[in-house]
Amino acid sequence: MDSLQIISNAIETIQQRTSIRTYEVDLSLDKQIDMIQQCIDHLPTSPFGGFTRFEVLELQGLKKVQKLKLGTYGFVKKAEKFIIGIITEPSKYDLENIGFLFEYLILYATQIGLGTVWLGGTFNRNAFASQLNLRTGERIPVISPIGWAAQRQTLRSKAIKSIARSRDRKIWSQIFFDSNFNTPLSVDEADEFTTPLEMIRLAPSASNSQPWRIVKEHNKGIFHFYLHRKSSRSHNLISWPEFSRIDLGIAVSHFNLTVEQLQLDGNWLIDRPDISRPENVDYLISWAAK
Ligand SMILES: Cc1cc2nc3c(=O)[nH]c(=O)nc-3n(C[C@H](O)[C@H](O)[C@H](O)COP(=O)(O)O)c2cc1C
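For every chain, the first residue of its written sequence is number 1, and the numbers climb from 1 along that sequence. Per-residue local features are limited, in this predicted model, to residues with pLDDT of at least 70; the limit for side-chain atom pairs, both in listing and counting, is 80 or more; totals at the level of whole chains, interfaces and linings are taken over all residues. The side-chain quantities take in all heavy atoms of the structure and omit both hydrogens and water.

## Examining the overall build of the protein chain
Reasoning step 1: In this description a helix means any DSSP run of H or I spanning at least four residues, a strand means any run of E spanning at least two, and both kinds are numbered starting from the N terminus. Scanning the protein chain from N- to C-terminus turns up 11 helices and nine strands.
Reasoning step 2: Only C-alpha atoms enter the radius of gyration, while the globule expectation follows 2.2 Å times N to the 0.38, with N the number of residues. In summary, the protein chain has a C-alpha radius of gyration of 19 Å against a globular reference of 19 Å for 290 residues, a match within 12%.
Reasoning step 3: Under the scheme applied here, a residue whose accessible area is under 20% of the maximum for its type counts as buried, over 50% as exposed, and between as partly exposed, the area being computed with a 1.4 Å probe on protein chains only. Taking all 290 residues of the protein chain together, the buried fraction comes to 52%.
Reasoning step 4: We call two residues contacting when some pair of their heavy atoms lies within 4.5 Å. Sequence separation of 24 or more characterises 78% of the internal contacts of the protein chain that already satisfy a separation of 6 or more.
Reasoning step 5: By element, 48% of the accessible surface of the protein chain is carried by carbon and sulfur atoms, the whole surface being about 14,100 Å².
Reasoning step 6: The charged-residue count follows a simple rule in which Lys and Arg add positive charge and Asp and Glu add negative charge, with His and chain termini not counted at all. A single reference atom marks each charge: NZ on Lys, CZ on Arg, CG on Asp, CD on Glu. With 34 positive and 31 negative side-chain charges, the protein chain shows a spacing of 11 Å between the two charge centroids. The method behind every accessible area is Shrake-Rupley, applied with a 1.4 Å probe, and residues are considered shielded solely by the protein chains displayed.

Right, dumping it as structure tokens:
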């Protein structure tokens, strides 16, 4: 089964997705959990390769005290079910890989009507790990609650959204470039790739930092993906340097799903082009139209 058969309309789903931090309890999710399990079993292959597994964790049977310990530090309210992303073995692109695959699950959950929120920082990693009997060497970079969004999001949920400036996205000229990092990409030059790029722009990222930078080769369907590193002084609980690598995996996933939906054929390859780049920008991967 390829990815398109599961996510039927990536463009619409990407536009619908927004982080949900307050959930509705007491409504059955059994059917949806089965569907998520099926999606886990049919994840697409990512261009990064690597070793991951994904688990659905249900808190219902656990005592309240344990639930509190599992905690999301009050960032998430009334969630009882979580998808857990596990890197089973380290590899060069392990974080980009889990970003790519986990976003696929997030979008699938969105498509079937569920709320989600990526959590990389504000959860008690050890408590979740102990529920899952992790094997030696395994680690949990990200989790997300899954459930029905509460009709009314709590004040705290709204405050977190406003602190993270969740609705804001960088404008095209800050993130998309034509041939080099000095020339902003125009919509005319982006042409049929306008929508795939726009879908990157809407992607979620840790602290909404949007670290992706894309350079298009002039007059060609070739796109180079770069990571913009933040200064080390700006790190906080949820903007660890490694989250930017996960964010890039998410950007690649949005671009990939959108070109598939629009039937724009191409390949991913890792081959750094000879383009001079700012000091705090690192090359990751490229996509070339066939
Ligand atoms: C890798 C990653 C880690 C994140 N970690 C957290 C977190 O620990 N706590 C939290 O409340 N939100 C977290 N977020 C959610 C972002 O704050 C959110 O996606 C961003 O502000 C954009 O808002 P939106 O998802 O509503 O579009 C994370 C997002 C990503 C992609």
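Structure's up, so let's keep going.
## Considering the packing of helix H3 (residues 30-41) against helix H5 (residues 94-111)
Reasoning step 1: The geometry of H3 relative to H5 is characterised by a closest axis approach of 10 Å and an angle of 150° between their N-to-C directions. The handedness of the crossing between H3 and H5 is right-handed. For the pair H3 and H5, contact is made by Met-35, Ile-36, Cys-39 and Ile-40 and by Tyr-104, Leu-105, Tyr-108 and Ala-109, respectively.
Reasoning step 2: Charged residues are taken to be Asp, Glu, Lys and Arg, nonpolar residues to be Ala, Val, Leu, Ile, Met, Phe, Trp, Tyr, Cys and Pro, and polar residues to be all remaining types, Gly included. Looking at the contact of H3 with H5, its residues break down into eight nonpolar, no polar and no charged. Only the stretch in contact is used when a helix axis is fitted, and all axes are lines through C-alpha atoms; the angle between N-to-C directions ranges over 0 to 180 degrees. Less than a right angle of anticlockwise turn of the near helix away from the far helix marks a crossing as left-handed, whereas a clockwise turn marks it as right-handed.

## Observations concerning the pattern of salt bridges
Reasoning step 1: Salt bridges are counted wherever a side-chain nitrogen of Lys or Arg sits within 4 Å of a carboxyl oxygen of Asp or Glu. Evaluated as defined, the whole model comprises 12 salt bridges.
Reasoning step 2: Among the salt bridges present, the one from Asp-282 reaches Arg-229, with a minimum N-O distance of 2.8 Å. With Asp-282 in strand S9 (residues 281-289) and Arg-229 in the loop between strand S7 (222-228) and helix H11 (241-261), this pair connects stretches of sequence that are 53 residues apart.
Reasoning step 3: Among the ionic pairs, Arg-277 bridges to Asp-282, the shortest N-O distance being 3.9 Å.
Reasoning step 4: Owing to a relative accessible area of 35%, Arg-277 belongs among the partly exposed residues under this scheme.
Reasoning step 5: Through salt bridges with shared partners, a single network forms among Arg-53, Glu-55, Arg-135 and Glu-138.

## Overview of the sheet that holds strand S6 (residues 212-216)
Reasoning step 1: With respect to topology, five strands assemble into an open sheet ordered S5-S6-S7-S9-S8, the strand pairing being mixed. The two strands at the open ends of the sheet, each matched to only one other strand, are strand S5 (176-178) and strand S8 (266-269). Strand after strand, the sheet turns through a mean of 25° between neighbouring axes, direction not considered.
Reasoning step 2: Any two strands with at least two DSSP-identified bridges between them are counted as paired. Where S6 lies against S7, five bridges are found, and the strand directions are antiparallel. Paired with Trp-212 across the strands is Leu-227, a residue of S7.
Reasoning step 3: With respect to the sheet, helix H10 (residues 194-201) is in contact with S5, S6 and S7, its orientation differing from that of S6 by roughly 165°.
Reasoning step 4: Sheet strands in contact with H11 are S6, S7, S8 and S9, and its direction is about 160° off that of S7.

## Describing the side chain of His-224
Reasoning step 1: Residue position: His-224 is located in strand S7.
Reasoning step 2: Owing to a relative accessible area of 4%, His-224 belongs among the buried residues under this scheme.
Reasoning step 3: Under this definition, polar contacts are N or O atom pairs within 3.5 Å; protein pairs additionally need one hydrogen-donor-capable and one acceptor-capable atom, and for neighbouring residues in sequence, both atoms have to be side-chain atoms. Among the polar contacts made by the side chain of His-224, one reaches the side chain of Glu-217 at a distance of 2.8 Å.
Reasoning step 4: At 2.7 Å, the side chain of His-224 and the side chain of Ser-286 are in polar contact.
Reasoning step 5: For His-224, the residues in contact, after removing those within four places along its chain, are Arg-213, Ile-214, Val-215, Glu-217, Pro-273, Ile-275, Tyr-283, Ile-285 and Ser-286.

## With respect to the packing of aromatic side chains
Reasoning step 1: Pairing of aromatic rings covers Phe, Tyr and the six-membered ring of Trp, with a centre-to-centre limit of 6.5 Å; geometry is then stacked below 30 degrees between planes, edge-to-face above 60, and tilted otherwise. According to the stated counting rule, one finds 17 aromatic pairs in the structure shown.
Reasoning step 2: With 4.8 Å between their ring centres and 80° between their planes, Trp-172 and Phe-176 make a pair best called edge-to-face.
Reasoning step 3: Note on Trp-172: relative accessible area 15%, which makes it buried.
Reasoning step 4: Phe-176 sits in the buried class, given a relative accessible area of 0%.
Reasoning step 5: With a centroid separation of 4.9 Å and 80° between ring planes, the pair formed by Phe-181 and Tyr-226 is classed as edge-to-face. With a gap of 45 residues between them, Phe-181 in the loop between S5 and helix H9 (187-190) and Tyr-226 in strand S7 connect regions that are remote in the sequence. For the pair Phe-181 and Tyr-226, one class covers both residues: buried.
Reasoning step 6: One aromatic cluster in this structure is built from Phe-193, Phe-223, Phe-225, Phe-255, Trp-268 and Trp-287.

## Re the pairing of strand S2 (residues 81-89)
Reasoning step 1: Taking burial as the measure, the nine residues of S2 include seven buried ones, the bulk of the element.
Reasoning step 2: As judged from the eight bridges shared by strand S1 (residues 51-58) and S2, these two strands associate in the antiparallel manner. Within S2, the position partnered with Leu-57 by the bridge is Phe-82.

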